[in-house]
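Residue-level structure breakdown
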Amino acid sequence: MLNKFKSASLALALALGMTVSAAPANAAAPILENVMASNGKPSLAPMLKGVLPGVVNISVKGKKDVQGFQMPDEFKFMFPGMGDVFGNGRPQKREFQALGSGVITNADKGYVVTNNHVVADADDIKVQLSDGREYSAKLLGADAHTDLALLELKSFKNLTQIDLADSDAIEVGDFAIAIGNPYGLGQTVTSGIISALGRTGLNIENIENFIQTDAAINSGNSGGALVDLSGKLIGINTAIMAPSGGNIGIGFAIPSNMVKTVTEQLLKYGSVKRGILGVKGSELNSDLAESFDYKQNSGAFVNEVMKGSGADKAGIKSGDIITAVNGKKVTSFAQLRAEIATQRAGSDVQITVFRNGKNIDLTVKLGDDTQDTVTAENSKEISPAFAGASFANAKDGGVEVTDIAKNSMAAQFGLVKGDIITGVNREDVKDLSDLKKKLGKVEGKIYAIRINRDGATLYITLR
């Protein structure tokens, strides 16, 4: 029996292209058991039997704000009284349906992780298990910057969860299996390897630190699982790179460590209160590294330290090269941004910098990024009605409209540059964070925004 096991192990190693070495039996056996079929041949089936019940199909229904048609003035005489039909350029509600995937991460409490874009604007969320059971789900929280959302199933029983792996431990060349619901066909499994780590600059989400894989990922796989050979979750599938929306062997997943950090905040606070370091920087290249007598080409170069920020108080200086965060190597400024942005505001972070030929360890208390501004690109997070407006905390309380795009949704609702938002319904608004919180209480209802404009008070009614 022992010889048969050794023979099967060798066959598996050769089939997967691995080098056979004398590893301890207790270290190799768990992986071999996971990929060894009952007939002694290499197969992913044994591992997948325990994993597939933890991947779910998600279907959503809801309504989205879409731009209404603005009838040109020269044609209005032809359609008297038809302004409401055409919408006069005002936002209109349109029903939509969408499909995606999700992963059960806590079987006892019914928690499911998926992509934010799968459930955004959804009024009704249904989760179907691999055995056909279907449950309604409640959105506990979502974070658009990392494209993650946390759901809670209602009246569930006998669930199977997928445990999270340490995504910092994976390497390029490791085997990876993607599971999801492509094109609404139902649960589908594809396999490949980890093609690259720390992918950024894809303009998919605001915070990017993707795992790249050649395991086939197609439309509908969003929110599904990327697992290793032991059946642990190493990432949440989120995007593909193909003009047609199909698979070309380049897919991306959000690392499990980022999933863990973000969902813990969503569970505890309902949102992510993102930390900010307080530096501006650039990618490190060979010429820059050489000029600072730095022998490596990986790291984040600090161009400027914001006065009064956590970085400033901790002693980070312009010209420093940030090489690690909490002991984890930093390879680029984009990665640094992703690492910091998944940390809670107010938390202490260990930053290692290279300065004058030496590595220096510093402890930085992260600031709160909601204390600064909200750009026009991110204003939808406060309310879809505010799309196209930029905001900042007003000096004497409230939220100031610092800029507004022409013909934007916010402009059509009546906001103008210089307005100070001071209240929602009968409640005062203190700052950006407070505005977002108060609008969340009345989401989906009619609410009145109290505005101070040139010393006068007025209200804008939004739905």
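Residues numbered from 1 in each chain as written. Predicted model: local features only at pLDDT ≥ 70, side-chain atom pairs only at ≥ 80, totals over all residues. Heavy atoms only, no water.

1. Describing the overall build of the protein chain
So the rule is basically this: Counting from the N terminus, the helices are the DSSP runs of H or I reaching at least four residues and the strands are the DSSP runs of E reaching at least two. Between buried and exposed lies partly exposed: a residue is buried under 20% and exposed over 50% of the maximum accessible area for its type, with that area taken using a 1.4 Å probe on protein chains only. Two residues qualify as a contact provided that any one of their heavy atoms is within 4.5 Å of a heavy atom in the partner residue. Surface accessibility follows the Shrake-Rupley procedure with a 1.4 Å probe radius. Residue values consider only the protein chains on display as shielding.
Per the secondary structure count, the protein chain includes 11 helices and 27 strands. Considering the protein chain as a whole, with its 463 residues, one finds that 44% of them fall into the buried category. In the protein chain, the proportion of contacts linking residues at least 24 apart, taken out of those at least 6 apart, comes to 58%. With the model as given, the accessible surface of the protein chain reaches about 23700 Å², and the carbon-plus-sulfur share is 50%.

2. Thoughts on helix 6 (residues 256-269)
Given 3.6 residues per helical turn, the α-helix brings residues three or four places apart onto the same face. Which entries qualify depends on this criterion: By definition here, a helix of n residues has an expected span of 1.5 Å times n minus one.
A rise of 1.5 Å per residue sets the reference length of helix 6, with its 14 residues, at 20 Å; its end C-alpha atoms lie 20 Å apart and thus fit the reference within 8%. Among the residues of helix 6, those classed as buried are Ser256, Met258, Val259, Val262, Thr263, Gln265 and Leu266. Two residues or fewer after helix 6 comes Gly270, characterised by a positive phi angle close to 85 degrees.

3. Quick look at the pairing of strand 26 (residues 447-453)
Formally: Here, a strand pair is defined by DSSP locating no fewer than two bridges between the strands.
For strand 26, the tally of buried residues reaches five of seven residues, placing the bulk of the element in the interior. For strand 24 (residues 420-424) and strand 26, the ladder comprises four bridges, and the chain directions are antiparallel. Note on strand 26: the bridge partner recorded for Ile420 is Asn452. Across seven bridges, strand 26 lies against strand 27 (residues 456-462) in antiparallel orientation. Looking across to strand 27, one finds that Ile451 is bridged to Leu458. Between the antiparallel neighbours strand 26 and strand 27 lie two residues, among them Asp454 with a positive phi of about 55 degrees.

4. What to know about the side chain of Asn209
If you trace the backbone, Asn209 turns up in the loop between strand 8 (188-199) and strand 9 (210-213). Residue classification places Asn209 among the buried positions, given a relative accessible area of 10%. Leaving out residues up to four positions away in the same chain, Asn209 has contacts with Gly198, Arg199, Thr200, Pro255, Met258, Lys328, Gln335, Ala338 and Glu339.

5. Details of the confidence of the model for the protein chain
Basically, it comes down to this: The predictor rates its confidence in each residue with pLDDT, a number between 0 and 100.
Here the protein chain shows a mean pLDDT of 80. Residues at 70 or above account for 79%. Of all helices and strands in the protein chain, the one with the weakest mean pLDDT is helix 1 (residues 2-15) (37), whereas strand 3 (residues 111-114) scores best (96). This model gives residues 1-28 a pLDDT under 50, and the stretch forms 17 contacts once residues within four places in sequence are excluded.

6. Section: the pairing of strand 9
Neither face of strand 9 is open: one carries Phe210 and Gln212, the other Ile211 and Thr213, and all of them are buried. When strand 8 meets strand 9, the two strands line up antiparallel, connected through three bridges. The residue bridging Ala196 from the neighbouring strand is Gln212, located in strand 9.

7. Concerning the environment of Lys126
Turning to its location among the elements, Lys126 is positioned in strand 4 (residues 122-128). Take Lys126: its relative accessible area is 24%, and that puts it in the partly exposed class. Separated by 27 residues in sequence, Lys126 and Leu153 place their C-alpha atoms 8.9 Å apart. Residue contacts for Lys126: discarding those within four places in its chain leaves Asn57, Ile58, Ser59, Glu134, Tyr135 and Ser136.

8. A short note on the pattern of salt bridges
Pairing is possible between side chains that carry opposite charge, provided their charged atoms lie close to one another. So the rule is basically this: Here, a salt bridge means any Lys or Arg side-chain nitrogen found within 4 Å of an Asp or Glu carboxyl oxygen.
If you walk through the whole model with that rule in mind, you get 10 salt bridges. Between Lys328 and Glu339 there is a salt bridge whose closest N-O contact spans 2.7 Å. Taken as a pair, Lys328 in strand 17 (residues 328-329) and Glu339 in helix 9 (residues 333-341) lie far apart in primary sequence, 11 residues in all. Bridged by salt links that share partners, the residues Asp168, Lys328 and Glu339 form one connected network.

9. Here's the deal with the packing of aromatic side chains
Inclusion rule: Any two rings among Phe, Tyr and Trp, with Trp reduced to its six-membered ring, count as a pair given centres within 6.5 Å; such a pair is stacked if its planes are under 30 degrees apart, edge-to-face if over 60, and tilted if neither.
Scanning the model with the defined rule gives four aromatic pairs in all. Measuring from ring centre to ring centre gives 5.8 Å for Phe210 and Phe252, while their planes differ by 50 degrees; the resulting arrangement is tilted. Note that Phe210 is positioned in strand 9 and Phe252 in strand 12 (residues 251-255), a separation of 42 residues in sequence. Owing to a relative accessible area of 2%, Phe210 belongs among the buried residues under this scheme.

10. A word on helix 9
Burial within helix 9 is extensive, with seven of its nine residues counted as buried. Among all positions in helix 9, only Phe333, Gln335, Leu336, Ala338, Glu339, Ile340 and Ala341 are buried.

11. Remarks on the environment of Lys307
On the secondary structure map, Lys307 appears in the loop between strand 15 (300-305) and helix 8 (310-314). Taking the C-alpha atoms as reference, Lys307 lies 9.2 Å from Val279; in sequence the two are 28 residues apart.

12. Quick look at unusual backbone geometry
When glycine is set aside, most residues are seen to have a negative phi, and most peptide bonds are trans. Unlike most non-glycine residues, Asp147 shows phi in positive territory, near 60 degrees. Looking at the secondary structure, you find Asp147 in the loop between strand 5 (134-143) and strand 6 (148-153). Assessed through its relative accessible area of 4%, Asp147 is described here as buried. A positive phi angle, near 50 degrees, is found at Asn158, a position not held by glycine. Within the fold, Asn158 resides in the loop between strand 6 and strand 7 (175-180). The exposure class of Asn158 is exposed, given its relative accessible area of 66%.

13. Examining the nonpolar core
Heads up, the condition is: The term nonpolar core refers to a set of buried residues drawn from Ala, Val, Leu, Ile, Met, Phe, Trp, Tyr and Cys, joined through side-chain atoms within 4.5 Å.
Ile162 and Val227 are the most contacted members of the largest nonpolar core, which has 29 residues in total. Looking at which element gives the most residues to this core, the answer is helix 6, with four residues.

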